[in-house]
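Secondary and tertiary structure notes
What follows is each chain in one-letter form.
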Amino acid sequence: MPNDIKDFPAEVINRSFNVPVLVDFWAEWCAPCKVLGPVLERLNEKANGRWILAKVNTEIMQEVAAQYKISSIPNVKLFVDGNVAGKFAGALPEYQIECWLEKVLPSKFRKEVEKAAELLARGSTEEGKKLLEEILKSEPENQQARILLASALIFSEPEKAVVLVTDISDARYMELAESIRVFGRLFDILFNQAELPEKQTKQQYLKAIEDLHSQQFESALEKFIDIIRNDRYYDDDGSRKACIAIFKFLGEEHETTLKYRRDFGSALY
């Protein structure tokens, strides 16, 4: 049975930057705490170092309990990189806690994923892609790594990128995954142009897709927005969907998104 911690900042906050720390807030008089404690200890033994358990007696560490608004016990909080990443209250059954842990525990490769994101952001694309591919060999279900790799591949290997986002379920990445799927469909059109309706709009639409494929986002947006004004529902409202996908791919605060959002809105209405 783990002993109660003595130094919360050192044993929980600082340590959580290296390994997730599961904190069990409890007290001697609390009967449900005595039920939950052994369950957490068993799970910790099975975790093989993926996370560590820290016990906080709320009667002794009252200031810490107050700081984290512990109004009832047992109360459990998971600390990652100094912050609370997940929590629950009450003596839950073991299988429920295991399910909860799978949802809230970060990947053991989170530092490597952060490094890959930094590499991609500063233009070291090949190095970033290689690192993400290595991560996914060991942890293929890592959705953050998958969405990052798909974003890096969408303009060069769109089919592979679309496969990577097929079953993205994490709410943080769903909009970006949808953008990648939209891009993938548009790029497929470049090789299957006969599928498009034969109208005057067709060539302008294809040029907009070509601009997007070349990552000339502003030029692509100008053409798509012009199509919205003149032939809104061409290719099943394809230009509207393309604009939204570009905005989500770049991010709502990106200068190109901010520049074209108003024109996009006025074209719709």
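Our structure's up above, just so we're on the same page.
Residues numbered from 1 in each chain as written. Predicted model: local features only at pLDDT ≥ 70, side-chain atom pairs only at ≥ 80, totals over all residues. Heavy atoms only, no water.

1. A short note on helix α13 (residues 255-268)
- Taking 1.5 Å per residue, 14 residues should reach 20 Å; α13 reaches 21 Å between its end C-alpha atoms and fits that length.
- Of all the bends in α13, the largest measures some 35° and sits at Arg261.
- Every buried residue of α13 is listed here: Thr256, Thr257, Tyr260, Phe264, Ala267 and Leu268. (Helix = DSSP H or I, 4+ residues; strand = E, 2+ residues; numbered from the N terminus. Expected span 1.5 Å × (residues − 1). Bend = angle between axes of the 7 residues up to and from the residue. Buried < 20%, exposed > 50% of the residue type's maximum accessible area, 1.4 Å probe, protein only.)

2. Thoughts on the nonpolar core
- In terms of nonpolar packing, the biggest core is built from 54 residues, with Phe183, Leu186, Tyr205, Leu212, Phe224 and Ile246 touching the most fellow members.
- The biggest single contributor to this core is helix α9 (residues 174-190), with eight residues.
- If we skip the residues at most four places from it in the chain, Phe224 touches Leu186, Tyr205, Ala208, Ile209, Ser239, Ala242, Cys243 and Ile246.
- Core analysis: the second largest hydrophobic core is formed by 22 residues, Phe8, Val21, Cys33 and Val56 among them. (Core = buried A, V, L, I, M, F, W, Y, C linked by side-chain atoms within 4.5 Å. Contact = heavy atoms within 4.5 Å.)

3. Regarding the state of the cysteines
- On inspection of all chains with the given rule, the structure shows one disulfide.
- Each sulfur of the disulfide joining Cys30 and Cys33 lies 2.4 Å from the other. The sign of the 85° torsion about the S-S bond sets the Cys30-Cys33 disulfide as right-handed. (Disulfide = S-S within 2.5 Å.)

4. As for the side chain of Ser151
- Here Ser151 is to be found in helix α7 (residues 143-153).
- Polar side-chain contacts of Ser151 include one of 2.8 Å to the backbone oxygen of Ile147.
- Once residues lying within four places of it in the same chain are set aside, the contact partners of Ser151 are Leu176, Ile180 and Phe249. (Polar contact = N/O pair within 3.5 Å; in protein donor to acceptor, adjacent residues only side chain to side chain.)

5. Some words on the sheet that holds strand β2 (residues 52-57)
- Read from one edge to the other, the open sheet built from four strands follows the order β2-β1-β3-β4, with strand pairing classed as mixed. Since the sheet does not close on itself, it has two edges, and those belong to β2 and β4 (83-89), each with one partner. In this sheet, neighbouring strand axes are inclined to one another by 25° on average, regardless of whether the strands run parallel or antiparallel.
- Taken together, the six bridges between strand β3 (residues 75-80) and β4 define a ladder with antiparallel strand orientation. Within the sheet, the bridge partner assigned to Leu78 lies in β4 and is Gly86.
- Against the sheet, helix α4 (residues 94-104) contacts β1 (21-26), β3 and β4, and its axis sits at roughly 160° relative to β4. (Pairing = 2+ DSSP bridges. Axes fitted to C-alpha atoms, helices over the stretch in contact; angles between N-to-C directions.)

6. Regarding the pattern of salt bridges
- One pass over the structure, following the stated rule, counts 24 salt bridges.
- Look at the salt bridges and you will find they share partners, linking Arg42, Lys46, Glu94 and Glu98 into a network. (Salt bridge = Lys/Arg side-chain N within 4 Å of Asp/Glu carboxyl O.)

7. Focus: helix α11 (residues 217-231)
- If you check α11, its first and last C-alpha atoms are 20 Å apart, about what 15 residues at 1.5 Å a residue would give, namely 21 Å.
- The complete set of buried residues in α11 reads Phe217, Ala220, Leu221, Phe224, Ile225, Ile227, Ile228 and Asp231. The buried residues of α11 occupy one face: seen down the axis, they fall within an arc of 165°.
- In the core, the buried residues of α11 are packed alongside α9, α10 (201-213), α12 (238-250) and α13. (Arc of directions from axis to C-beta.)

8. Points about the side chain of Thr256
- Relative to the helices and strands, Thr256 resides in helix α13.
- Every residue in contact with Thr256, bar those within four places of it in the chain, is listed here: Phe217, Glu218, Leu221 and Leu250.

9. Side note on the environment of Val165
- Tracing the sequence through the fold places Val165 in the loop between α8 (158-164) and α9.
- What Val165 contacts, discounting residues up to four positions off in sequence, is Ile147, Ala150, Ala177, Ile180 and Arg181.

10. Some points on the environment of Val182
- With respect to the helices, strands and loops of the structure, Val182 is situated in helix α9.
- Taking the relative accessible area as the measure of exposure, Val182 reaches 16% and is therefore buried.
- A C-alpha to C-alpha distance of 46 Å links Val182 and Pro9, two positions 173 residues apart in sequence.
- Ignoring sequence-local partners within four residues, the contact set of Val182 consists of Lys241, Ala242 and Ala245.

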